[in-house]
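The chain contents come next:
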Amino acid sequence: HSLQCQMRTHPGPSPPPCRKFIWNDHMLQQFEGYVHSRWVLHITHGFISQINISVFGRPIFLTLIARRSREFAGTRFLKRGSNDEGHVANEVETEQIVHDASTSIHPNGRYTTFLQLRGSVPAFWSQDIASMRPKPQITIDRATPFA
């Protein structure tokens, strides 16, 4: 879950993971209730990056987390629109977290998050890739084209 979701919930056990971002969910369903939870590995397709910067002498951590939905995933030109279940093509959830590290840790620290969802236009549509012109050839040379 996103940090926004985790900070809204009450202390205690962590909420169950959001299934639409677990890429091996079809394999885990058959044995998840039969083995200890430490043996279960949820695989997510995404990106994470964190940097520490100084703003007016205060340490600030900037974190970017993106995770891709498995529900209607595919290549850019082959998956478009939405499916019958309402899932849009190539949906990605991106969260930006800013943490003022000069204060104490998580529960009492100062956090701000911005959560963004992006995906294909939620309509039934497709694109004929046969009529698309290929990308231009890339040439590598030392000449500057604007000189």
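Residues numbered from 1 in each chain as written. Predicted model: local features only at pLDDT ≥ 70, side-chain atom pairs only at ≥ 80, totals over all residues. Heavy atoms only, no water.

In terms of regular secondary structure, the protein is built from two helices and four strands. Starting at the N terminus, the α and β elements of the protein follow one another as α-α-β-β-β-β. Per-residue burial over the protein gives 22% buried out of 147 residues. Long-range contacts, defined as pairs at least 24 residues apart, comprise 50% of the intrachain contacts of the protein with a sequence gap of at least 6. For the protein, the accessible area works out to roughly 11,700 Å², and carbon and sulfur atoms hold 58% of it. (Helix = DSSP H or I, 4+ residues; strand = E, 2+ residues; numbered from the N terminus. Buried < 20%, exposed > 50% of the residue type's maximum accessible area, 1.4 Å probe, protein only. Contact = heavy atoms within 4.5 Å. Areas by Shrake-Rupley, 256 points an atom, 1.4 Å probe, with all protein chains shown as cover.)

Positive phi, close to 55 degrees, is recorded for F56, a residue that is not glycine. Looking at the element boundaries, F56 is found in the loop between strand 1 (46–55) and strand 2 (58–68). The backbone phi angle of N90 is positive, close to 50 degrees, even though this residue is not glycine. Turning to its location among the elements, N90 is positioned in the loop between strand 2 and strand 3 (92–100).

What follows covers a nonpolar patch on the surface. On the surface, F31, Y34, V35 and W39 cluster together into a nonpolar patch covering about 520 Å² of accessible area. Here W39 falls in the exposed class, since its relative accessible area comes to 70%. (Patch = residues over 30% accessible without salt bridge, like charges linked within 9 Å, V, L, I, M, F, W, Y side chains within 5 Å. Salt bridge = Lys/Arg side-chain N within 4 Å of Asp/Glu carboxyl O.)

Another aspect to go through is the confidence of the model for the protein. Within the protein, residue pLDDT values average 82, and 76% of them lie at 70 or more. Predicted confidence in the protein is weakest over helix 1 (residues 3–8), with a mean pLDDT of 66, and strongest over strand 1, with 95. (pLDDT = per-residue confidence, 0-100.)

With that settled, the discussion passes to the sheet that holds strand 1. Ordered by their spatial adjacency, four strands build an open sheet running 1-2-3-4, and the pairing between neighbours is antiparallel. Unpaired on one side and paired on the other, strand 1 and strand 4 (110–118) mark the two borders of the sheet. When the angles between neighbouring strand axes are averaged without regard to direction, this sheet yields 15 degrees. Inspection of the sheet shows strand 3 paired to strand 4 by nine bridges, in the antiparallel sense. Residue pairing in the sheet places V98 in a bridge with T112 of strand 4. (Pairing = 2+ DSSP bridges. Axes fitted to C-alpha atoms, helices over the stretch in contact; angles between N-to-C directions.)

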